[in-house]
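# Structural overview
Residue-level listing of the chains:
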There are 2 protein chains.
Amino acid sequence: MTDKLTGTEREAVLERLSQHGWDLDGDRDAITRTFKFKDFNAAFGFMARVALWAEKLDHHPEWSNVYNRVTVTLTTHDAGGLSAKDVTLADHIDALA
Amino acid sequence: MTDKLTGTEREAVLERLSQHGWDLDGDRDAITRTFKFKDFNAAFGFMARVALWAEKLDHHPEWSNVYNRVTVTLTTHDAGGLSAKDVTLADHIDALA
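Residues numbered from 1 in each chain as written. Chains lettered and ligands numbered in written order. Predicted model: local features only at pLDDT ≥ 70, side-chain atom pairs only at ≥ 80, totals over all residues. Heavy atoms only, no water.

Let's shift gears to unusual backbone geometry. Residues and elements named next belong to chain B. Non-glycine residue Asp58 carries a positive phi angle of around 55°. Tracing the sequence through the fold places Asp58 in the loop between helix H2 (40–57) and strand S3 (62–66). Residue classification places Asp58 among the exposed residues on the basis of a relative accessible area of 55%. Positive phi, normally seen in glycine, also occurs at Tyr67, with a value near 50°. With respect to the element layout, Tyr67 can be found in the loop between S3 and strand S4 (69–74). (Helix = DSSP H or I, 4+ residues; strand = E, 2+ residues; numbered from the N terminus. Buried < 20%, exposed > 50% of the residue type's maximum accessible area, 1.4 Å probe, protein only.)

Between chain B and chain A, the residue contacts involve 15 residues of the former and 15 residues of the latter. Together, the buried faces of chain B and chain A total about 1300 Å²; carbon and sulfur atoms form 71% of this surface. Considering only the surface of chain B that becomes buried against chain A, Phe40, Phe44 and Trp63 of chain B emerge as the three largest contributors, covering 38% of it. Across the chain B-chain A interface, the total number found is 0 salt bridges. Inspection of the chain B/chain A interface yields 2 residue pairs in polar contact (both at pLDDT 80 or more). Among the elements that take part in the side of chain B that touches chain A, H2 of chain B stands out by supplying 7 residues, more than any other. Its residues assigned to classes, the side of chain B that touches chain A shows 9 nonpolar, 4 polar and 2 charged. Inspection of the sheet shows strand S3 (residues 62–66) of chain A paired to S3 of chain B by 5 bridges, in the antiparallel sense. Bridge pairing in S3 of chain B links Val66 of chain A to Glu62 of chain B. (Contact = heavy atoms within 4.5 Å. Buried area = accessible area lost by both parts, 1.4 Å probe. Salt bridge = Lys/Arg side-chain N within 4 Å of Asp/Glu carboxyl O. Polar contact = N/O pair within 3.5 Å; in protein donor to acceptor, adjacent residues only side chain to side chain. Nonpolar A, V, L, I, M, F, W, Y, C, P; charged D, E, K, R; others polar. Pairing = 2+ DSSP bridges.)

Residue and element names in this part refer to chain A. Taken as a whole, this structure holds 11 salt bridges over all chains when the rule is applied. Note that Arg28 and Glu62 form a salt bridge whose closest N and O atoms lie 3.0 Å from each other. Linking Arg28 in the loop between strand S1 (23–25) and strand S2 (30–36) with Glu62 in strand S3, this pair joins segments that are 34 residues apart in sequence. You can call Glu62 buried: its relative accessible area is 15%. In this structure, the salt-bridge partner of Asp94 is Arg33, at a minimum N-O distance of 2.5 Å. One end of the pair, Asp94, is in helix H3 (residues 84–96); the other, Arg33, is in strand S2, with 61 residues separating them in the sequence. Here Asp94 falls in the buried class, since its relative accessible area comes to 17%. What makes Arg33 partly exposed here is its relative accessible area of 21%. One salt-bridge network, held together by shared partners, links Lys4, Arg10 and Asp29.

The following block contains the structure:
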């Protein structure tokens, strides 16, 4: 079981991630960000790099891709919302983008 | 410019693809199919193989992935609907799944 982020820790994380383009999807307690690349090759290359990290962290994004755009949504199902795992993966994704 | 499928050719293709699990999304004149795999590794492996084919065909899916599930939607933007390109890509995807 992973703990859901709460209180000031949660607020600080959301504030920091929002500066990197992550939006809170309040309906699900998830964060989402859309990345735009030059073309499909670049978009899928990014996805492949994220996939390797996600598998290593054993925490996976929900994501969609339309040509050069990738929309990533992060939440932790067994926590029922945002957890430290989402923050770790978001930071890795930002570093890769 | 790619021609949209029409008439009996379109009907025959939709009938054949529906037997492989593709559903028509009438709102957009697109076809969609959801694939379920053992885990994320298998799901993303499938996506990587499809991505290589899509790039080769220069025709790309709209798709989403949540852990072991991949939902693929095919349509041809410059035809304003289903074209022979979608059928070719659907057949490749079925062969890879």
